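Geometric and topological summary
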Amino acid sequence: MEKILELERIIKDVQKKIEEQITVKWKFIQGIENGENPDIDDSGWEEKTSNARWQPNDGPAYFRTYFTVPDIIEGVKIEGSEISIIFLILSNTKLFINGKEIYSQKYWADTRGGPVITFVKNAIPGERYFLVFKTSTADGFRYFSAQIVINRVEEVLFELNSLLFQLKFAMELSKKSKNLQKNLDKALSFINVQDIKDRNWDNILNDIKKAEEALEPFRKEAKRYTVHLIGHAHIDMNWLWTYEDTIDTCLRDFDTVTKLMDRYPDLTFSQSQAHIYKIVEDHNPALFEKVKEKVKEGRWDITASSWVESDMNIVDGESFIRHILYANKYISENFGVKSEIFWAPDGFGHAGTLPSILAGAGIKYYYFMRCGKGLPLLRWKGKDGSELLAFNSIYNNSIRPETTIPVFLEYHKRYNLPDFLFVYGVGDHGGGPTEADIKRKQKMETKPVLPKLEFSTTLRYFRAVERYRNKIPVVADELNATLEGCYTTHSDIKKANRTGETMLLSLETLSVIMHMKGISAPEKELEELWRTVLFNQFHDIIDGSAIHSSYEFSGKLADEVEKKCSELSSTLLEKLVQKNNKHSITLFNPLGWKRKYLYEEKNQETFVEIPGYGYKTICIEECKNISGKGKLTINKDGLYDYEEEYENEFYIMKMDRQTGIIKRLFDKKNSREVLFTHMSIWEDIYTWYAEKGGNLISVCWEAPHSASAWLIGNIYRIENLFNLEEIKTITENFKTTIYIKRTYRNSEIIQKIFLYNDFPYIDFVNQIVWNEEGNSKEGVPMLRVNFHTALKNPDTYFEIPFGAIKREPIGKEYPALKWAGQKEGNYWVVLMNKEKHGYNIDGNNLSLTLLRNPYEPDAVPDKGKHLISYRLFFGKSSITDITKLAMEYNTPPLAISGKTESEEFYPFEIKGNVVPTSFKRALGRNSYILRLVEVEGKKEIIKIDFVKKPKKVYITNSVEKREKELKGWRGKSIKFNIAPYRILTLEIQF
């Protein structure tokens, strides 16, 4: 209605005018000392308002202002009011008022949730206050927001906004009732718009009371709708602070919430991340017992289906399952409950296989914020048909008419469902529900045309809307991508994660084989090591968006995992072999299929075929160089000595000696050009399209931009590294090595390219000393390698957890696990990696981002030494075989000197087009878990031939809950079907 729209415009004008009058202008300077001294002249300082940013390493920063208590603001008399300041500053902070330090935080300053800094108890117009914020030099992400809050002004705005949104909701409800329409008209007749324009607040507040009395007939209809208020404290692990501060934050929030619950018997609270509960248990057992009591009361909702809130794109599918498995174990043991909700509000995008992964673990519901395709409520569907009911909203919010009701009304218009979810509470550095939220909720409850506001739980909401499932839209796609810089930033933590995942999966499998042979396996140690790896997968840690000290801490954790895994593996392997036999080597294969492996020992190289999930013993003295030398052709003509040509039975590769760029790669087996550039013209043999070649390393400079760890900025300069300092070729028995040395400014890149005689792929190993720093003047340096393929109209695929996804090759940075590539028909060109995740495919150009050095919150995330490896694979293949090859590339066999009782051992052989991803001990049972994944989208028949027939084989869900027993044995073999895209978990009992 026109009057409601007019009223909305006027109220917005009131708010704008009030904001203009209470917005503080701050004098800012950086790089001086004693800026809190009022005698220092600040007339030449820069002027800033809220949402200010600055560089963390340019010295101490000061924000200061004089605040004079006004007499009247937009007609509201200020005398006698309380006046507070609320601020959020993402750094260490001290607040001085009138020269006295009244607040201090080491890492993160936040008063949205308390303590409230009330610096005026009884306002006297004209009184003057000197306010100074000081932040010192440190790592971090600099952001400043501060606002003055005057209680009497807030009360007036609350009543205005309550009226406005009641009228808006009443307008929706009255569409189906003439009587209600009359009541709405009557209520509107009491509102004198001119009084608001004239700021006649006594009349306005009196008119609002009359209007609300006229709206009373709406109450019954309005209260049919419920807003489920979900109190939550989002706690980031070691983001802009240290682990000690994370501990303090968890303890503070749990203490605050339990005390609020004691004071307000209807208050509820939801908290995710099992690791947070473990912190409280370890550091405050009495508080942990209080939480148990609240859980039993049904008021504390545990949404911890994951050990921490990990990244959703760049961790292995098996890691997701370990998150759920170990979180479920911990929560059920301590609280006797199991969460059906996966809480991922701050994830930087969501892999398309998550519905299948989570539904397969017994999870029904999903809560998130980013990449929701504009839908607050959706059915998120996986390729295997699994579904999650998902809700998408902001997670840090407060209960106010202007925050709660507009999103409710939008949801109401879209779905017309009686239940709505609203997550509130101070978060990131924790905080949770505030007493101010509770009191505003109580006041809003009294309003006749606001929906019912109920302190609730996510489970109550999801179960309420489950009845209307058919009205909810379906999304059968990934929810990506955003914050693309995080796929590469902080190469060290990503490499450590891949190493940790690989070593633990290998150790799990080795433990199974040892257990089968009657040797005890380190079950408890495995769980502890997994918990450590999972902690480092917290999104702000693994995504490279935390401060430098966070990576010092996580790096030590990763080193401990690697060391402990090596020790445990060595101990188990030593028990496997006979001692005092140095002439034999036993190789254990942690992967579930027979693999061909190039073994090198004492200048001897030989190929070994190792059975899946088994081992093979070879005699070193009998190792034979079973392969002949590949053909190496070097054109020595003086005119054409700028090229080298390499040839084996699989391919011909031509390299430019001046640049180290591959000019041509021809697949002999399939008669296909893999990489091809226009060759030199006779007038100038050194001129050709080098940027269209392969192995082109380039430095891309992003323009300076905020949030540089998260965001890839506009590329304003690309420097292709054409110049070489050195190139040489070494030919050995099994391979040819091309050694290339490049320099860029203060950095050095030493590259070794391995051409194998007996493998149809090429390996690249780069030793990089990277000394390029990003900054707010020059921007962010990003290092990429490029391969311009010769495929004409290819499809582009990226590996994601337990699968692969097709995406458009539009030059957007996308996440992948161990590989990404292009295909025409069944012909592939693939770039595999050992520690990277950021791929950029633009048309035919296949790029892998190697390093990024943004400047906030860590100023030097990728500065230093790096060993970066990738593999170029090409030929006819399938997603299944490419995934297996990438797993082989990342997972070497475990080796030990010595001979076993039998030359070869394996428990079974898997036949069929599936990827075995895990073989481990069952949790708490004397049996074994085998996971198989179908990644092609085809129904497959799988056969497992056992060496020793098991007593029973069960299908379980992915967290090892039995579902049914497999039948249909023929001798020691069992056959069964696996559905398209199925993640199938089997329990084997011998």
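Here, every reference points to the structure presented above.
Note that the structure is a prediction, hence the values are computed from the model and not measured.

**With respect to the nonpolar core**
Within the largest apolar cluster, 302 residues are counted, with the highest numbers of intra-cluster contacts made by Ile-85, Tyr-277 and Tyr-366. In terms of residues, this core owes the most to one element, helix H2 (residues 151-173), which gives twelve residues. If we ignore the near neighbours within four places in the chain, the residues touching Ile-85 are Trp-26, Leu-95, Thr-111, Ile-117, Phe-119, Leu-131, Phe-133, Ala-146, Gln-147 and Ile-148. Counting seven residues, the second-largest nonpolar core is a separate cluster that includes Tyr-599, Val-608, Ile-610 and Ile-618.

**Let's talk about the pattern of salt bridges**
As a working rule, side chains carrying opposite charge can pair if their charged atoms are close by. With the rule as written, the count across this model stands at 74 salt bridges. Asp-282 is paired through a salt bridge with Lys-278; the nearest N and O atoms lie 2.8 Å apart. Residue Asp-282 and its partner Lys-278 are both found in helix H8 (residues 274-283); the two are separated by four residues, about one turn of the helix. Residue Lys-364 is joined to Glu-340 by a salt bridge in which the shortest nitrogen-to-oxygen separation is 3.3 Å. Taken as a pair, Lys-364 in the loop between helix H11 (354-359) and strand S17 (365-368) and Glu-340 in the loop between helix H10 (317-335) and strand S16 (341-344) lie far apart in primary sequence, 24 residues in all. Judged by relative accessible area, which is 16%, Glu-340 ranks as buried. Overlapping salt bridges bring together Lys-329, Glu-333, Glu-527, Glu-528 and Arg-531 as one network.

**Quick notes on the environment of Gln-751**
Note that Gln-751 resides in strand S36 (residues 747-756). The sequence separation of Gln-751 and Asn-775 amounts to 24 residues, and the corresponding C-alpha distance is 27 Å. Those residues within four positions of Gln-751 in sequence are excluded, and the remaining contacts are Asn-695, Ile-697, Ile-738, Tyr-739, Ile-740, Arg-742, Phe-764, Val-765, Asn-766 and Tyr-870. Of note is the side chain of Gln-751, whose polar atom sits 2.8 Å from the side chain of Asn-695. Of the polar contacts made by the side chain of Gln-751, one reaches the side chain of Arg-742; its length is 3.3 Å.

**Remarks on the packing of H2 against helix H3 (residues 178-189)**
Two elements in contact, H2 and H3, have axes separated by 9 Å at closest approach and are oriented at 155°. With respect to each other, H2 and H3 are oriented roughly antiparallel. Regarding H2 and H3, the two cross each other, and that crossing is left-handed. Contacts between H2 and H3 pair Leu-167, Ala-170, Met-171 and Leu-173 from the former with Leu-180, Leu-184 and Leu-188 from the latter. A per-class count over the contact of H2 with H3 returns seven nonpolar, no polar and no charged.

**Considerations on the sheet that holds strand S53 (residues 952-956)**
Strand order in the open sheet formed by five strands is S50-S51-S57-S53-S54, and the pairing between neighbours is antiparallel. For this open sheet the edge positions go to strand S50 (915-921) and strand S54 (962-965), each flanked by a neighbour on one side alone. When the angles between neighbouring strand axes are averaged without regard to direction, this sheet yields 30°. Both S50 and strand S51 (residues 928-933) contribute to a ladder of six bridges, which runs antiparallel. Bridge pairing in S51 places Phe-919 opposite Leu-930. In the packing of helix H15 (residues 491-516) onto the sheet, contacts are made with S50 and S51, and the angle to S50 comes to roughly 55°.

**Section: the pairing of strand S34 (residues 726-731)**
Bridge count between S34 and strand S35 (residues 735-744): six bridges; the pairing is antiparallel. Opposite Ile-727, over in S35, you have Ile-740 as the bridge partner. A loop of three residues connects S34 with S35, the two strands running antiparallel in sequence.

**Section: the packing of H10 against helix H16 (residues 523-535)**
At a minimum axis distance of 10 Å, the contact between H10 and H16 shows a crossing angle of 115°. Every pair of crossing elements has a handedness; the one defined by H10 and H16 is left-handed. Where H10 abuts H16, its residues Ser-319, Arg-322, His-323, Tyr-326, Lys-329 and Tyr-330 lie against Glu-527, Trp-530, Arg-531 and Leu-534. Residue composition of the contact of H10 with H16, by class: four nonpolar, two polar and four charged.

**As for the side chain of Ser-145**
Position of Ser-145 relative to the elements: it lies in strand S12 (residues 144-150). Residue Ser-145 is classed as buried on the basis of its relative accessible area of 18%. For Ser-145, the contacting residues outside a window of four places in its chain are Ser-50, Asn-51, Ile-86, Phe-87 and Leu-88.

Parameters at a glance
- One numbering rule holds for all chains: residues counted from 1, following each sequence as written.
- With the structure being a predicted model, the display of local features is reserved for residues of pLDDT at least 70 and the display and counting of side-chain atom pairs for 80 or more, all residues being used for whole-chain, interface and lining totals.
- Where side-chain values are given, they derive from all heavy atoms of the structure, hydrogens and water being excluded.
- As used in this record, nonpolar core signifies buried Ala, Val, Leu, Ile, Met, Phe, Trp, Tyr and Cys residues forming a set joined through side-chain atoms within 4.5 Å.
- Residue exposure (1.4 Å probe, protein chains only): buried if accessible area is under 20% of the type maximum, exposed if over 50%, otherwise partly exposed.
- Secondary structure follows DSSP: runs of H or I at least 4 residues long count as helices, runs of E at least 2 residues long count as strands, and numbering of each begins at the N terminus.
- In this description, contact between two residues means that some pair of their heavy atoms is separated by no more than 4.5 Å.
- A pairing counts as a salt bridge when a side-chain nitrogen of Lys or Arg comes within 4 Å of a carboxyl oxygen of Asp or Glu.
- Polar contacts, as counted here, are pairs of nitrogen or oxygen atoms within 3.5 Å of one another; within protein the pair requires one atom able to donate a hydrogen and one able to accept it, and residues that are adjacent in sequence qualify only if both atoms are side-chain atoms.
- In this analysis, axes come from line fits to C-alpha atoms, helices being fitted only over the stretch in contact, and the angle between any two N-to-C directions falls in the range 0 to 180 degrees.
- Should an angle lie under 35 degrees it is considered roughly parallel, over 145 roughly antiparallel, and from 65 to 115 roughly perpendicular; all remaining angles are considered oblique.
- The handedness criterion is simple: a crossing whose near helix is rotated anticlockwise from the far helix by less than a right angle is left-handed, and one whose near helix is rotated clockwise is right-handed.
- In this classification, Asp, Glu, Lys and Arg are treated as charged, Ala, Val, Leu, Ile, Met, Phe, Trp, Tyr, Cys and Pro as nonpolar, and every other residue, Gly included, as polar.
- Should DSSP find at least two bridges between two strands, the strands are regarded as paired.

Taken by themselves, the reported measurements are silent on function.
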